[in-house]
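Okay, here's what each chain looks like letter by letter:
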Amino acid sequence: NAGVTQTPKFRILKIGQSMTLQCAQDMNHNYMYWYRQDPGMGLKLIYYSVGAGITDKGEVPNGYNVSRSTTEDFPLRLELAAPSQTSVYFCATFGSRDLHFGDGTRLSIL
Amino acid sequence: AQRVTQPEKLLSVFKGAPVELKCNYSYSGSPELFWYVQYSRQRLQLLLRHISRESIKGFTADLNKGETSFHLKKPFAQEEDSAMYYCALGDPYNFNKFYFGSGTKLNVKP
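Counting of residues starts from 1 at the beginning of each chain's written sequence and follows it residue by residue. Just so you know, chain letters begin at A and ligand numbers begin at 1, following the order they were written in. Restriction of local features to residues with pLDDT of at least 70 applies here, the model being predicted, together with a cutoff of 80 or more for giving and counting side-chain atom pairs; totals for whole chains, interfaces and linings are based on all residues. Excluding hydrogens and water, the side-chain figures rest on all heavy atoms present in the structure.

Colleague: Got a minute to help me understand the overall build of chain A in this structure?
Modeller: Strands are runs of DSSP state E lasting at least two residues, helices are runs of H or I lasting at least four, and both sets are numbered from the N terminus onward. Counting its regular elements, chain A contains 0 helices and 11 strands. Ordered by position from the N terminus, the helices and strands of chain A form the series β-β-β-β-β-β-β-β-β-β-β. For a compact globule of 110 residues, the expected C-alpha radius of gyration is about 13 Å, and chain A comes in at 13 Å, within 12% of that figure. Its C-alpha atoms give chain A principal-axis dimensions of about 40 × 25 × 25 Å. To get the radius of gyration, use the C-alpha atoms; to get the globule rule, take the number of residues to the power 0.38 and multiply by 2.2 Å.

As structure tokens, then:
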């Protein structure tokens, strides 16, 4: 089992560009989450999903969009990249009463 | 509102010394509390959760409802314990959202 797989691992974007961070899981978990991790700030919830076709905003959703067409995939979209979105992004699922994280995507906006 | 506070950003101890990483929470109900750990260049992973009352890698944490605390303790720190530690709170009836503290970086010196 791969668990939670995030791609890419690293990316540099120019201001105004768009991109999609991919997240896939093979654990058949319904709950999925996107977090961003800023230095000294801990993890902030961007969006979450309780199942295919259902998504909702977390604490810091502005500038992002998500979709959940299947149980396995939960991509995060940045439409107009801004320097404030420079961060490490983690995708996670919830199952067996705890969170399972991917390796993260380190994103820099220049 | 649910909040998790980790007052120490950095904690440095010598090998063999006792360690206590503090976590306080505010929650209107009976939450589930967790400790997650992130070793260098690795993904976040569950260290322990209060409902299991377990000891992992020599770490323990007791939920003190009166003081609303869930401090992580280890009697004798090892160098391999050096990592980032996050306290997290979840609603046991609604795992739509988890709330994370800002993290404590533990540095165990030889």
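Colleague: How should I be thinking about the sheet that holds strand 8 (residues 76-78) of chain A in this particular structure?
Modeller: Sheets are built from strands paired through backbone hydrogen bonds, the pairs being either parallel or antiparallel. Residue and element names in this part refer to chain A. Read from one edge of the open sheet, 4 strands run 1-3-8-7, paired in antiparallel fashion. Of all strands in the sheet, those with a lone pairing partner are strand 1 (4-7) and strand 7 (64-66), marking the two edges. With direction set aside, neighbouring strand axes in the sheet form an average angle of 20 degrees. Summarising the sheet, strand 7 and strand 8 pair through 3 bridges and their orientation is antiparallel. For Asn65, the partnering residue across the bridge sits in strand 8 and is Arg77. Strand pairing is assigned whenever DSSP detects at least two bridges linking the two strands. Fitted lines through C-alpha atoms serve as axes, helices being fitted only where they are in contact, and the angles separating the N-to-C directions of these axes extend from 0 to 180 degrees.

Colleague: Where do I start with the pattern of salt bridges in this structure?
Modeller: A side chain of one charge can pair with a side chain of the opposite charge when the charged atoms of the two come close. In what follows, salt bridge is the name for a side-chain nitrogen of Lys or Arg lying within 4 Å of a carboxyl oxygen of Asp or Glu. Scanning all chains against the criterion turns up 8 salt bridges over all chains. A salt bridge links Asp38 of chain A to Arg36 of chain A; the nearest nitrogen and oxygen atoms lie 3.2 Å apart. Of the two residues, Asp38 of chain A and Arg36 of chain A, neither departs from the other in class, the shared state being buried. One salt bridge in this structure joins Arg77 of chain A and Glu79 of chain A, with 3.3 Å as the shortest N-O distance. Burial classification: accessible surface area is computed with a 1.4 Å probe over protein chains only, and a residue below 20% of its type maximum counts as buried, one above 50% as exposed, and the rest as partly exposed. Exposure remark for Glu79 of chain A: the relative accessible area of 40% places this residue in the partly exposed category. Counted as one network, the salt bridges with shared partners bring together Lys9 and Asp103 of chain A together with Arg43 of chain B.

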